[in-house]
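A structural walkthrough
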Amino acid sequence: AAGVIQSPRHLIKEKRETATLKCYPIPRHDTVYWYQQGPGQDPQFLISFYEKMQSDKGSIPDRFSAQQFSDYHSELNMSSLELGDSALYFCASSLGETQYFGPGTRLLVL
Amino acid sequence: RKEVEQDPGPFNVPEGATVAFNCTYSNSASQSFFWYRQDCRKEPKLLMSVYSSGNEDGRFTAQLNRASQYISLLIRDSKLSDSATYLCVVESSNYKLTFGKGTLLTVNP
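Residues numbered from 1 in each chain as written. Chains lettered and ligands numbered in written order. Predicted model: local features only at pLDDT ≥ 70, side-chain atom pairs only at ≥ 80, totals over all residues. Heavy atoms only, no water.

All names here are of chain A. Taken in spatial order, the four strands make up an open sheet running β1-β3-β8-β7, and their pairing is antiparallel. The strands lining the two open edges of the sheet, one partner per strand, are β1 (5-7) and β7 (64-68). When strand polarity is set aside, the average angle formed by the axes of neighbouring strands in this sheet is 15°. In terms of strand pairing, β1 meets strand β3 (residues 19-24) through three bridges, oriented antiparallel. From the neighbouring strand, Gln-6 faces β3, where its bridge partner is Cys-23. (Pairing = 2+ DSSP bridges. Helix = DSSP H or I, 4+ residues; strand = E, 2+ residues; numbered from the N terminus. Axes fitted to C-alpha atoms, helices over the stretch in contact; angles between N-to-C directions.)

Now the structure itself:
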């Protein structure tokens, strides 16, 4: 069965650079969620989209923005990167209650 | 106080042991409850949803007590492949998931 696809899988950036993470949800799933998991931490909810509209917002810094496109894929844009942004970024998708997670993008900010 | 609190662990058990994980949540308006497992450096994967009536899936049994805001997971006859971090997860309105810190389980031969 098709799963959530995330790209890139690994990303290395320097401080103050920008990064764009992409997420392709499971076909026919209408909701996308973004989570950030720092080293040794639990995943923290960032933002979600339902039918291309932002549906909820969590602890997402103002330096980050996200959107969901007409084909339901989503992009997380991160600017002015800081060392503390180094983390695993998961995208999840759902059609209803159960969220299925992608393999994540591991971002390292040097 | 964190929204979702779990046993800090880690748990080290021999193969075949029974192990129980406990979790409490603070938001009484929470709507759905799950256990996810996460292997090292991998994504969280849904293990099972948790219902008030209790539910069982093979060696795994989950229980929810809404009155005391308590969730549990029991693993019977543990296998080496059960070694992972177990995340207690609570879903609020708008389907936002809040995770516990996770409990690391290591099953030893």
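After that view of the structure, there is still more to cover.
All names here are of chain A. Here Thr-31 lies in strand β4 (residues 31-37). For Thr-31, a relative accessible area of 6% gives the class buried. Among the polar contacts listed, one links the side chain of Thr-31 to the side chain of Asp-30, at a separation of 2.8 Å. Apart from residues lying up to four places away in sequence, Thr-31 is in contact with Phe-49, Tyr-50, Ala-92, Ser-93 and Ser-94. (Buried < 20%, exposed > 50% of the residue type's maximum accessible area, 1.4 Å probe, protein only. Polar contact = N/O pair within 3.5 Å; in protein donor to acceptor, adjacent residues only side chain to side chain. Contact = heavy atoms within 4.5 Å.)

What follows covers the interface of chain A and chain B. Taken together, the 19 residues of chain A in the interface contact 19 residues of chain B. Where chain A abuts chain B, roughly 1700 Å² becomes buried across the two surfaces, and 51% of that area is made up of carbon and sulfur atoms. When the area that chain A buries against chain B is broken down by residue, the three leading residues are Asp-42, Glu-97 and Phe-101 of chain A, summing to 32%. Taken together, chain A and chain B are joined by two salt bridges. Of the charged contacts in the structure, one is a salt bridge between Asp-42 of chain A and Lys-101 of chain B, with a shortest N-O distance of 3.2 Å. Applying the counting rule to chain A against chain B returns eight residue pairs in polar contact (both at pLDDT 80 or more). Taken together, the residues of the side of chain A that touches chain B sort by class into seven nonpolar, eight polar and four charged. (Buried area = accessible area lost by both parts, 1.4 Å probe. Salt bridge = Lys/Arg side-chain N within 4 Å of Asp/Glu carboxyl O. Nonpolar A, V, L, I, M, F, W, Y, C, P; charged D, E, K, R; others polar.)

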